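Structural overview for review
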Amino acid sequence: MSYINKIEVALPLHKHKQTDIGEYMARFFGFGFMLKPMFENSKIEHRYSVLPDFTPTNEYEPFYSKGHKPPTVEERLKIYSQEAPELCRIAFEKLEVDSKEITHLLTVSCTGMSAPGLEIILMNKLGFADDIYRTSINFMGCYAAIHALKHADLICKTDPEAKVLIVSVELCTLHYQYKMQYSNMASSILFGDGAAAVLVSNHPEGLKINAFKSGICWGGLDDMQWNISADGFKMELSPDIPTHIKESIETFTQDFFKKNNVTKTEIDYWAIHPGGKAVLEAVEESLDLAPEKLSESYTVLNDFGNMSSATVLFVLKEIMQKTEKNKRIFSCGFGPGITIESMLLST
């Protein structure tokens, strides 16, 4: 039986108030007065970025240049290649694990790719063994960390001595788009940067991994997309996403709980990916949960915004810091598709 032994996180240097980001977006991107109430009602207070652009008092060479063409894919990925490995290093070193003890390395990201990939860069940067098992989980979006945990669980089931490191890093703020449309405005309100490192093994410490379940809200297949264009990585977001989640999550969880002989009332913590305030409210309404049941998700949303795949790991870290023995945790994330990845954990 595998366990999430420890989770550590890392954040970029630049911490921006949500109000400052809102003023920047209104002034620079031309989104205007439409954004102000959306920023004010987002339940986000701060977000972090590898870019200093969004706080007006900073003196800097801007990444987003008003009146010019958007940054190219190459320009965006150049910064990713500089910043992402360093955030991974910081998160990993907080785990306080000897790199030579790590047997398997899984990297997770949807905001940057290269070959040689992040996993090889980290092997060199952090001193992992040359023959370490390694793989990358790329471009899957906000649910990808749970997919990586599923992979780690399978590894531990086949190798009793496995020590699996998962590193999730997302630099979402490199991919803002200039064109005035709903998806771009929503992205400017929600997304931030961050990284998380997770140690998974068969050592009985931390959160016990009990089961996984996947699903797809087929009615929302076109409502959440993540594509690469000539201007950069482009997020397509529909205002109908919360509705699709609200219509699907109750049946999804009922089936999952029934299969694992658990009832909703036996779930002590709900580690829901905070894709945004509307997403969390859709889960609350569908499952008839009081907002305090999702308090850790709201805390992460408030403090960091949506960091794509890394975000649910921030939520789980919050829960690990406060849980006592014999508690059950349901966790899920939503991504392009609309895909649902979920898991049952216990202490």
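Everything that follows concerns the structure shown earlier in this document.
Residues numbered from 1 in each chain as written. Predicted model: local features only at pLDDT ≥ 70, side-chain atom pairs only at ≥ 80, totals over all residues. Heavy atoms only, no water.

This brings us to the environment of I79. Looking at the element boundaries, I79 is found in helix 3 (residues 73-95). A residue is classified by how much of its surface remains accessible, and I79, at 16% relative accessible area, is buried. Beyond its immediate sequence surroundings of up to four residues, I79 is in contact with V50, L51, F63 and L174. (Helix = DSSP H or I, 4+ residues; strand = E, 2+ residues; numbered from the N terminus. Buried < 20%, exposed > 50% of the residue type's maximum accessible area, 1.4 Å probe, protein only. Contact = heavy atoms within 4.5 Å.)

Judged by side-chain polarity, I216, W218 and L221 come together as a nonpolar surface patch covering roughly 330 Å² of accessible area. When you line up the elements, I216 lands in strand 8 (residues 207-216). (Patch = residues over 30% accessible without salt bridge, like charges linked within 9 Å, V, L, I, M, F, W, Y side chains within 5 Å. Areas by Shrake-Rupley, 256 points an atom, 1.4 Å probe, with all protein chains shown as cover. Salt bridge = Lys/Arg side-chain N within 4 Å of Asp/Glu carboxyl O.)

Summed over all chains, the structure comprises 13 aromatic pairs. Plain terms: the ring middles of Y48 and F304 are 5.9 Å apart, the flat faces sit at 35 degrees to each other, and that makes the pair tilted. Highlighted residues: Y48 in strand 3 (residues 46-49) and F304 in helix 9 (residues 295-304), separated in sequence by 256 residues. Since its relative accessible area comes to 14%, Y48 is described here as buried. F304 sits in the buried class, given a relative accessible area of 14%. On the basis of an interplanar angle of 75 degrees and a centroid distance of 5.3 Å, the ring pair of F92 and F128 is categorised as edge-to-face. (Phe/Tyr/Trp six-rings, centres within 6.5 Å; stacked < 30°, edge-to-face > 60°.)

Our next topic: the nonpolar core. By size, the foremost hydrophobic cluster in this structure holds 41 residues, and its most contacted members are Y64, F128, L165 and V169. The element best represented in this core is helix 3, accounting for 8 residues. Discounting chain neighbours no more than four positions away, the residues touching V169 are Y80, A84, L87, C88, V108, S109, T111, L118, G194 and A195. Counting residues in hydrophobic clusters, the runner-up holds 38 residues, among them I7, A162, F304 and L345. (Core = buried A, V, L, I, M, F, W, Y, C linked by side-chain atoms within 4.5 Å.)

Running from amino to carboxyl end, helix 3 crosses helix 4 (residues 118-126) at an angle of 55 degrees, the nearest separation of the two axes being 10 Å. Taken together, the axes of helix 3 and helix 4 are oblique relative to one another. The chirality of how helix 3 crosses helix 4 is right-handed. Residues Y80, P85, E86, C88, R89 and F92 of helix 3 form the contact with helix 4, whose participating residues are L118, I121, L122, K125 and L126. For the contact of helix 3 with helix 4, a count of residues per class yields 8 nonpolar, no polar and 3 charged. (Axes fitted to C-alpha atoms, helices over the stretch in contact; angles between N-to-C directions. Parallel < 35°, antiparallel > 145°, perpendicular 65-115°, else oblique. Left-handed = near helix turned anticlockwise from the far one by under 90°. Nonpolar A, V, L, I, M, F, W, Y, C, P; charged D, E, K, R; others polar.)

Here we take up the pattern of salt bridges. One pass over the structure, following the stated rule, counts 12 salt bridges. One salt bridge in this structure joins K157 and D153, with 3.1 Å as the shortest N-O distance. Of this pair, K157 and D153 are both found in helix 5 (residues 144-158), 4 residues apart, which corresponds to roughly one turn of the helix. Judged by its relative accessible area of 57%, K157 is exposed. With a shortest N-O distance of 3.2 Å, E296 and K322 are connected by a salt bridge. In this pair, E296 is assigned in helix 9 and K322 in the loop between helix 10 (311-320) and strand 12 (328-335), connecting sequence segments 26 residues apart. Of the residues examined, E296 reaches a relative accessible area of 4% and is grouped as buried. A relative accessible area of 41% means that K322 is categorised as partly exposed. Several salt bridges converge on common partners, so that one network encompasses E86, R89, E93 and K125.

Look at the link from A115 to P116: it is a cis peptide, with omega at 0 degrees. With respect to the helices, strands and loops of the structure, P116 is situated in the loop between strand 4 (104-109) and helix 4. Backbone torsion omega between G337 and I338 reads -5 degrees, so that peptide bond is classified as cis. Examined against the element boundaries, I338 turns out to sit in the loop between strand 12 and strand 13 (339-346). Even without being a glycine, F139 presents a positive backbone phi close to 65 degrees. In this structure, F139 sits in the loop between strand 5 (133-138) and helix 5. Positioned with a positive phi, N261 is a non-glycine residue whose angle comes to about 55 degrees. Among the structural elements, N261 can be located in the loop between helix 7 (241-259) and strand 11 (269-272). The exposure class of N261 is exposed, given its relative accessible area of 70%.

That is the geometry; function is a separate question.
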